Amino acid sequence: MNLCRQRMAMRLMLALWFAALFSASSAFANSISGQASVVDGDTLGIQGIHIHLFGVDAPESSQLCRRSDEVQYQCGVQAAHQLEAFIANRAVTCSPVDQDGGGVTVATCSVNGTDLGDWLVRNGLAFDRPEVSEWRYHDAQLEAEHAARGIWNGLAVRPWRYRDCIAQHGKPADCSDEPSSHP
């Protein structure tokens, strides 16, 4: 009798494990679509889900960049505003790729067939992260650089360096300038 209960318990545990495995993998198989809110230059919210755009990194909301005339501007805020204007209340469709350590879904997202990561990089509003994107947005970044669009029309610290500087108790204005000035 005890052996029978053990087998039933084992079958139940296996069934629960398979159900959890299936639901976790199906979350990445299903697309997410709907009205998007822009959280920052490379993060959206759709149906209560935070989505980080795959393979790109936009300047942080508090980050500043310098135009070619040396004037600082809020490049992170500009990226978010321009992304919001591009989306313009149209439906966004995202295909989940992964989930980061903080539980944020990482996905490629598009509006009317336009890849938002490509659009951001091509317009000089974000950097390609080739170690993640496998060079998916490399040509778009080269085009933006050659045309001096957005962050390429002056100086911009890479967002990952900016975040590292802030984590070391740097101030946004200092961390936004040349990497040699970081603490």
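Heads up: the structure comes first, above all this text.
Notes on the structure follow.

Cut-offs used in this document
Residues numbered from 1 in each chain as written. Predicted model: local features only at pLDDT ≥ 70, side-chain atom pairs only at ≥ 80, totals over all residues. Heavy atoms only, no water. 1 Å grid on protein atoms, 1.4 Å probe; cavity = no way out; pocket = protein on both sides within 12 Å on 5 of 7 lines; lining within 4 Å. Points joined across faces, edges and corners; volume = space filled by probe spheres on them. Helix = DSSP H or I, 4+ residues; strand = E, 2+ residues; numbered from the N terminus. Nonpolar A, V, L, I, M, F, W, Y, C, P; charged D, E, K, R; others polar. Buried < 20%, exposed > 50% of the residue type's maximum accessible area, 1.4 Å probe, protein only. Pairing = 2+ DSSP bridges. Phe/Tyr/Trp six-rings, centres within 6.5 Å; stacked < 30°, edge-to-face > 60°. Lys NZ or Arg CZ within 6 Å of the ring centre and 35° of its normal.

This next bit is on the layout of surface pockets. In this approach the atoms are scanned with a rolling probe the size of a water molecule, which exposes any empty space left behind. For the largest pocket, the calculated volume is near 250 Å³. The wall of the largest pocket is formed by 16 residues, among which H52, L53, G55, V56 and V132 lie closest to the centre. For the lining of the largest pocket, the secondary structure elements donating two or more residues are β3 (49-53) and β4 (56-57). Looking at the lining of the largest pocket residue by residue, the class counts come to five nonpolar, three polar and eight charged.

What follows covers the pairing of strand β8 (residues 105-111). The buried fraction of β8 amounts to six of the seven residues, a majority that puts the element mostly inside the structure. As defined by bridge partners, β3 adjoins β8 across three bridges and the pair is classed as parallel. Within the sheet, the bridge partner assigned to I51 lies in β8 and is T105. For strand β7 (residues 91-99) and β8, the ladder comprises six bridges, and the chain directions are antiparallel. The partner of S95 across the bridge, within β8, is T108. Where β7 hands over to β8, the hairpin turn is made up of five residues, of which G103 adopts a positive phi near 85°. Sheet analysis places β8 next to strand β9 (residues 114-115), joined by two bridges and oriented antiparallel.

This paragraph deals with the packing of aromatic side chains. For the coordinates displayed, the defined rule picks out three aromatic pairs. Taking the centre distance of 5.5 Å and the plane angle of 75° together, the rings of F127 and W152 count as edge-to-face. One end of the pair, F127, is in strand β10 (residues 127-128); the other, W152, is in the loop between α5 (138-147) and β11 (154-155), with 25 residues separating them in the sequence. Comparing F127 with W152, the two get one shared label, buried. Their ring planes at 75° and their centres at 6.0 Å tell us that F127 and W160 sit as a pair that is edge-to-face. Of the two residues, F127 is situated in strand β10 and W160 in helix α6 (residues 159-167); the sequence distance between them amounts to 33 residues. What makes F127 buried here is its relative accessible area of 1%. Of the aromatic side chains, those joined through ring pairs into one cluster are F127, W152 and W160. Positioned over the ring face of F86 is R90, at 5.0 Å from the centre of the ring. Between the NZ or CZ atom of R129 and the centre of the ring of W160, over which it lies, the distance is 3.8 Å.

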